[in-house]
Amino acid sequence: MASQVTAARYGKDNIRLCKVHRDEASKTQTVTEMTVCVLLEGEIERAYTDADNSVVVATDTMKNTVYVLAKQNPITPPELFASIVASHFIEKYTHIHIAHVKITTHRWTRMIIDGLPHPHSFLRDGTETRNVEVSTKRGAGITVRSGIQGLLVLKSTGSGFHGFVRDEYTTLGETWDRILSTEVDASWEWATFKTLDDIRALLPNFDTAWEAAREITLKTFAGDNSASVQATMYKMADQILARVPGVNHVDYSLPNKHYFEINLEWHKGLKNTGKDAEVYAPQSNPNGLIKCTVSRPNPSRTSRL
Ligand SMILES: O=c1[nH]c(=O)c2[nH]c(=O)[nH]c2[nH]1
């Protein structure tokens, strides 16, 4: 028997788009820039095994569709726009059964000029992105995962690491005061939505959840007297679950971007370690990588509140 295709998906990645919203009343414009990935699954195996393109919706068509839907619909919040795009593909093409849409929204923050918000000028204040991954499956509803990526943070005290396993492989000293830095990758998974209308019914909650997750992450990072990345990230996730109904799972993935103390004793007895540490060596690699998923004890099954 010939070998079989057991999994296949295809689509367009890195579709870049920018939409300008012009508010005539206030003469204020707003821009949203995003990068979209669309991947489709369904009865497409013949394209691989029999070179049969009759089942192929061209990836170029997917790109065009995203532009048209962006013109015809709001593209914020990204949870809604991703759901509109994903639903389109399974509704339009009967042989497509699952659509995955990932949207990365880039920051264009309004400029403050002479103390006033500027009506049409923006700046990229950091590499942080707001992300969403939506999947629609025919007859099975819409799953939505929202997140924050690329948020680079550092604290110069209020972090220690001690009491860890010591054995014949261990060289790391215990510390009660260190620099802690990470690039936040946080995401939260919403209970499954049945339809697009269920998503529309929850609309303000997506922005509120993103604001809450961002604020909790920053406030906990800054305020926690951190015993470890593990302990601090759990506190973040736990608070997001408490604050955001409709979310059952929160994921964090945090690199531990090490800043090493430098012993300068060799130069005229210079003291630069422990309480005297001032000059550090930031490390590019290797880095710690700490991950967790924290879940609500009794998950709600749908996102309808
Ligand atoms: O917060 C930390 N968690 C670890 O698991 C770990 N391991 C390590 O070497 N340093 C740290 N820091």
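Up top is the structure.
All of the points below concern the structure found in this document. Model, not experiment: these values are computed from the prediction. (Residues numbered from 1 in each chain as written. Predicted model: local features only at pLDDT ≥ 70, side-chain atom pairs only at ≥ 80, totals over all residues. Heavy atoms only, no water.)

Once that is clear, we can look at the packing of aromatic side chains. Inspection of every chain in the model, using the stated rule, returns 4 aromatic pairs. Plain terms: the ring middles of F161 and F164 are 4.6 Å apart, the flat faces sit at 10 degrees to each other, and that makes the pair stacked. The exposure class of F161 is partly exposed, given its relative accessible area of 24%. Looking at F164, the relative accessible area reads 18%, which means it is buried. Ring geometry for F193 and F206: centres 6.0 Å apart, planes at 55 degrees, overall tilted. Placement of the pair is F193 in strand β8 (residues 180-193) and F206 in helix α5 (residues 203-223), with a sequence separation of 13 residues. As far as burial versus exposure is concerned, F193 and F206 are alike and both buried. Through a chain of ring-to-ring contacts, the aromatic side chains of W190, F193 and F206 assemble into a single cluster. Positioned over the ring face of F221 is K155, at 5.7 Å from the centre of the ring. (Phe/Tyr/Trp six-rings, centres within 6.5 Å; stacked < 30°, edge-to-face > 60°. Buried < 20%, exposed > 50% of the residue type's maximum accessible area, 1.4 Å probe, protein only. Helix = DSSP H or I, 4+ residues; strand = E, 2+ residues; numbered from the N terminus. Lys NZ or Arg CZ within 6 Å of the ring centre and 35° of its normal.)

Moving on, we come to unusual backbone geometry. For the bond running from T76 to P77, omega is -10 degrees, close enough to zero to count as cis. In this fold, P77 is placed in the loop between α2 (59-72) and α3 (78-92). The phi dihedral of A51 falls on the positive side, at around 50 degrees, and the residue is not glycine. Positionally, A51 belongs in the loop between α1 (45-49) and α2. Positive phi, close to 55 degrees, is recorded for K268, a residue that is not glycine. Here K268 is to be found in the loop between β10 (259-261) and β11 (280-282).

Attention now moves to the sheet that holds strand β2 (residues 28-42). Strand order in the open sheet formed by 8 strands is β1-β2-β3-β6-β7-β8-β9-β12, with antiparallel pairing between adjacent strands. Unpaired on one side and paired on the other, β1 (10-23) and β12 (288-295) mark the two borders of the sheet. The sheet shows a mean angle of 15 degrees between the axes of neighbouring strands, taken without regard to direction. One ladder, built from 8 bridges, connects strand β9 (residues 247-256) with β12; its direction is antiparallel. The residue of β12 that forms the bridge with P255 is L289. The sheet contacts of α2 involve β1 and β2, and relative to β1 the element is tilted by about 20 degrees. (Pairing = 2+ DSSP bridges. Axes fitted to C-alpha atoms, helices over the stretch in contact; angles between N-to-C directions. Contact = heavy atoms within 4.5 Å.)

As a further point, take the site of the ligand. Neighbouring residues of the ligand: F161, L172, R178, S228, V229, Q230, N256 and I290. Between the ligand and V229, the relevant distance is 2.8 Å, taken from an oxygen atom to a main-chain nitrogen or oxygen of the residue. For the ligand, the cavity whose grid points lie within 2 Å of the majority of its atoms is the second largest pocket. Residues that form the shell around the ligand fall into these classes: 4 nonpolar, 3 polar and 1 charged. (Near = heavy atom within 4 Å. Polar contact = N/O pair within 3.5 Å; in protein donor to acceptor, adjacent residues only side chain to side chain. 1 Å grid on protein atoms, 1.4 Å probe; cavity = no way out; pocket = protein on both sides within 12 Å on 5 of 7 lines; lining within 4 Å. Sits in = over half its atoms within 2 Å of the grid points. Nonpolar A, V, L, I, M, F, W, Y, C, P; charged D, E, K, R; others polar.)

Before going further, it helps to examine the layout of surface pockets. Considering only enclosed or pocket space, the largest pocket measures out at about 640 Å³ in volume. In terms of lining, the largest pocket is formed by 25 residues, of which the most central are T30, V31, T32, T76 and T105. Counting residues per element, the ones that place at least two in the lining of the largest pocket are β1, β2, β3 (96-106), β4 (109-113), β6 (129-137) and α5. Looking at the lining of the largest pocket element by element, the count peaks at 4 residues for β2. Of the residues belonging to the lining of the largest pocket, the class tally is 10 nonpolar, 8 polar and 7 charged. The computed volume of the second largest pocket comes to approximately 470 Å³. Lining of the second largest pocket is provided by 19 residues; of these, L172, T175, R178, H258 and F260 occupy positions nearest its centre. Elements with a contribution of two residues or more to the lining of the second largest pocket: α6 (229-243), β10 and β12. By residue number, the principal contributor to the lining of the second largest pocket is β10, which donates 3 residues. (Points joined across faces, edges and corners; volume = space filled by probe spheres on them.)

Next up on the list: the pattern of salt bridges. According to the stated counting rule, one finds 16 salt bridges in the structure shown. Ionic pairing is found between E79 and R130, a salt bridge with its closest N-O pair at 3.0 Å. In this pair, E79 sits in helix α3 while R130 sits in strand β6, placing the two residues 51 residues apart along the sequence. Put simply, R107, D125, E128 and R214 are held in one network by salt bridges that share partners. (Salt bridge = Lys/Arg side-chain N within 4 Å of Asp/Glu carboxyl O.)

Where α5 contacts α6, the axes come no closer than 9 Å and their chain directions differ by 145 degrees. The element α5 and its partner α6 pack so that their crossing is right-handed. Residues A212, A213, E215, I216, T217, T220 and F221 of α5 form the contact with α6, whose own contacting residues are T232, K235, M236, Q239, I240 and R243. For the contact of α5 with α6, a count of residues per class yields 6 nonpolar, 4 polar and 3 charged. (Left-handed = near helix turned anticlockwise from the far one by under 90°.)

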